[in-house]
Amino acid sequence: MATENGEFSFNSSVRGRNGLPKIQTHKKAEDVETDKEICHDDSAQPVKAQTLDELHSLQKKKSAPTTPLTATQGPFAEEDRQKQQLQSISASLASLTRETGPKVVKGDPARTAETPRVSAVSHQQHHHFSPTLNISDSALKFTHILYNLSPAELYEQAIKYEKGSFITSSGALATLSGAKTGRSPRDKRVVKDETTADDLWWGKGSPNIEMDEHTFLVNRERAVDYLCSLEKVFVNDQFLNWDPEHRIKVRIVSARAYHSLFMHNMCIRPTPEELENFGTPDFTIYNAGQFPCNRYTHYMTSSTSIDLNLARREMVILGTQYAGEMKKGLFGVMHYLMPKRQILSLHSGCNMGKDGDVALFFGLSGTGKTTLSTDHNRYLIGDDEHCWSDNGVSNIEGGCYAKCVDLSREKEPDIWNAIKFGTVLENVVFDEHTREVDYSDKSVTENTRAAYPIEFIPNAKIPCVGPHPKNVILLACDAFGVLPPVSKLSLPQTMYHFISGYTALVAGTEDGIKEPTATFSACFGAAFIMLHPTKYAAMLAEKMQKHGATGWLVNTGWSGGSYGSGSRIKLAYTRKIIDAIHSGALLEANYTKTEIFGLEIPTEIEGVPSEILDPANTWSDKNAYKDTLLKLGGLFKKNFEVFLNYKIGADNNLTEEILAAGPNF
């Protein structure tokens, strides 16, 4: 049977399945011609692959050499360079009891084609070299080096192999730092040798806990043996300090993709050209992560140990996966190396105005350092660690490590927007389905953090360097309510308050009443300084004097009474004060002097009620004000006692000058 137009018919003589007649189609000649005119053929050529493996191999194209090759280098230049690079990494991983380092090869062991078969492949071909003595199981294996991987590659490694790694809804990598969700200052030790015994600050008040070199080497061997026993290790070669004249080359060897991505973000990322000439690092970190130290080892008091050997330029981390140990460990190293070059290392925020005026912000947690140094009308040079040299200021780091607790788009838009692909989110809690992060959830820890490259901040100044600072702003959140909202400091006063590093926290007491507790942290970062605080203070004063910088003490805390009776100084007023400092308007103001602390306070500032500028005016109970002022002055004096024995200069005049700049009663 055929249709009228003859397009198809049932042919009873040709049978299909189940004995049914087959349908046959018939195209008329004019239809064929029409098809040629109107039918677009969107079929594509089949892939040039015979197997799935072959298809997958087409998906990724071979990267160009890590660095550009010049014509003069010859055909084997890239191979030789890679060989030298691997020899350098093997030397870093060398045991101190064996003559050479492990056999190393680049690449992911999961890709079996990249693992050389020792019996069939020469050393030259696979860029590895091996020990010839003391053959052991470790000498027979290869350690795969995952070298300076990109964030995308590190995401893949973390998600595939590290439990607790997830991609959040904004594209950041959420990770867990294990049992430790913060630094372990009591487990951090520095080798005390002939040099450091004299150079470093030891004893009461110092963050430096001593260990001997032998114990360091025992822990180093333990970390290196653990790392070499792994199938693969991550190696980052990066820089510290944006000032090219004074930058430090660092190598980080770690067991986790999380640690590698964290340091990729926090250190300065080298260009391919810089990596080509990287050579031997100035400092090396061996991060064994969760692998503990041996509790029977001398000096060990727990399964965690963070050990610094300044002579060997090495740091060993055992028994903690908290990535901040690496960041702050390197900051400690810079606090030692930079002053030796007459460069001041600073725990501060730093920004720059459109006219090139630079301000440094010092302040402990809760004082508003991050909030006030992040100003959309100014360029951000850095949020945490800086150097002040003869060239000006420079950021030590290549990234930011921001607190995330209670983070919101409204309060901190820059940080919120920086949490995207490439950012590491530590210990946050997120919805299991949508992967949206709940920053108010402290189930894992209150110390949730985000680590991201500084370029993720829109108004970051790249490169992160600037001219000499015009203003040095010391922030204090005074919960006692007796410090003025702003004071202009003399040089000795700047040194005194810099060494003191004061803020007041509000802590709960047994019966539930909250009262202020004074906190002092020398140089606003006592946990990281290596030399005596007065050495940094003297350098700060010298540089401020040389370059005409002004010191300011800004109270972001209470006014009109202590915590509970007074009120917090409005952020809008503090911002007006900071703006007046930046513009230079505050230098033109009239000043009066306060009692006890002898602080110079302005009589008026545009946009700020004049009555709050002198705290004595804001307290209704004048006797309570005087008593609280004397109480705080006494706390300052008591804290400063630990620094009295240290003499600065041959005649000790500077020490006396600093002391005289403190509270006087």
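The rules behind each value
Residues numbered from 1 in each chain as written. Predicted model: local features only at pLDDT ≥ 70, side-chain atom pairs only at ≥ 80, totals over all residues. Heavy atoms only, no water. Pairing = 2+ DSSP bridges. Helix = DSSP H or I, 4+ residues; strand = E, 2+ residues; numbered from the N terminus. Axes fitted to C-alpha atoms, helices over the stretch in contact; angles between N-to-C directions. 1 Å grid on protein atoms, 1.4 Å probe; cavity = no way out; pocket = protein on both sides within 12 Å on 5 of 7 lines; lining within 4 Å. Points joined across faces, edges and corners; volume = space filled by probe spheres on them. Nonpolar A, V, L, I, M, F, W, Y, C, P; charged D, E, K, R; others polar. Parallel < 35°, antiparallel > 145°, perpendicular 65-115°, else oblique. Left-handed = near helix turned anticlockwise from the far one by under 90°. Contact = heavy atoms within 4.5 Å. Salt bridge = Lys/Arg side-chain N within 4 Å of Asp/Glu carboxyl O. Buried < 20%, exposed > 50% of the residue type's maximum accessible area, 1.4 Å probe, protein only. Core = buried A, V, L, I, M, F, W, Y, C linked by side-chain atoms within 4.5 Å. Polar contact = N/O pair within 3.5 Å; in protein donor to acceptor, adjacent residues only side chain to side chain.

Here's the deal with the sheet that holds strand β7 (residues 188-191)
Then step 1. If you trace the nine strands from one edge of the open sheet to the other, you get β3-β4-β9-β10-β11-β13-β12-β7-β8, paired in mixed fashion. Lying at the two open borders of the sheet, with one neighbouring strand each, are β3 (103-106) and β8 (209-211). Within the sheet, the average angular offset between the axes of one strand and its neighbour, ignoring direction, is 25 degrees.
Then step 2. Direction of pairing for β7 relative to β8: parallel, over a ladder of three bridges. Residue pairing for β8: Val190 is matched across the bridge by Glu210.

As for empty space enclosed by the protein
Then step 1. Counting across every chain of the model gives seven cavities of 30 Å³ or more.
Then step 2. By volume, the largest cavity amounts to about 90 Å³.
Then step 3. Those elements that provide at least two residues to the lining of the largest cavity are β20 (399-403) and α13 (413-418).
Then step 4. When grouped by side-chain class, the residues that make up the lining of the largest cavity number six nonpolar, two polar and two charged.

A closer look at the packing of helix α9 (residues 257-266) against helix α11 (residues 324-337)
Then step 1. Packing of α9 against α11 leaves a shortest axis separation of 9 Å and a crossing angle of 40 degrees. Considered as vectors, α9 and α11 are oriented oblique to each other. Note that α9 runs across α11; the crossing there is right-handed. Residues His259, Phe262, Met263 and Met266 of α9 pack against Gly324, Met326, Lys327 and Leu330 of α11.
Then step 2. A per-class count over the contact of α9 with α11 returns five nonpolar, two polar and one charged.

Quick notes on the pattern of salt bridges
Then step 1. Counting across every chain of the model gives 17 salt bridges.
Then step 2. One salt bridge in this structure joins Asp384 and Lys328, with 2.7 Å as the shortest N-O distance. On the criterion of sequence distance, the pair formed by Asp384 in the loop between β17 (379-382) and β18 (385-389) and Lys328 in helix α11 is long-range, its members being 56 residues apart. Pair check on accessibility: Asp384 and Lys328 agree, each one buried.
Then step 3. In this structure, Lys369 engages Asp384 in a salt bridge whose closest nitrogen and oxygen atoms are separated by 3.3 Å.

Things to note about the nonpolar core
As a rule of thumb, nonpolar side chains are buried together in soluble globular proteins.
Then step 1. Ile145, Trp388, Ile419, Leu425 and Phe498 are the most contacted members of the largest nonpolar core, which has 150 residues in total.
Then step 2. Among all residues touching Phe498, those that are not within four sequence positions of it are Leu346, Phe362, Leu474, Ala522, Cys523, Phe524, Tyr536, Ala537 and Leu540.
Then step 3. With 19 residues, the next largest nonpolar core counts Val554, Ile577, Ala580 and Ile605 among its residues.

Examining the sheet that holds β18
Then step 1. On the basis of which strands lie adjacent, the open sheet formed by four strands has the order β14-β18-β19-β25 and antiparallel pairing. Either end of the sheet is taken by a strand with one partner, and the two such strands are β14 (344-347) and β25 (465-466).
Then step 2. Relative to β25, strand β19 (residues 392-395) runs antiparallel, the two being bridged by two bridges. Paired with Val393 across the bridge in β25 is Gly466.
Then step 3. Across the face of the sheet, α11 comes into contact with β14 and β18 while running at roughly 145 degrees to β14.

Structural notes on the environment of Asp384
Then step 1. Judged by relative accessible area, which is 11%, Asp384 ranks as buried.
Then step 2. With 17 residues separating them in the primary sequence, Asp384 and Tyr401 have C-alpha atoms 8.3 Å apart.
Then step 3. Other than its neighbours up to four places away in sequence, Asp384 contacts Lys327, Lys328, Leu346, His347, Ser348, Gly349, Lys369 and Glu397.
Then step 4. Among the polar contacts listed, one links the side chain of Asp384 to the side chain of Lys328, at a separation of 2.7 Å.

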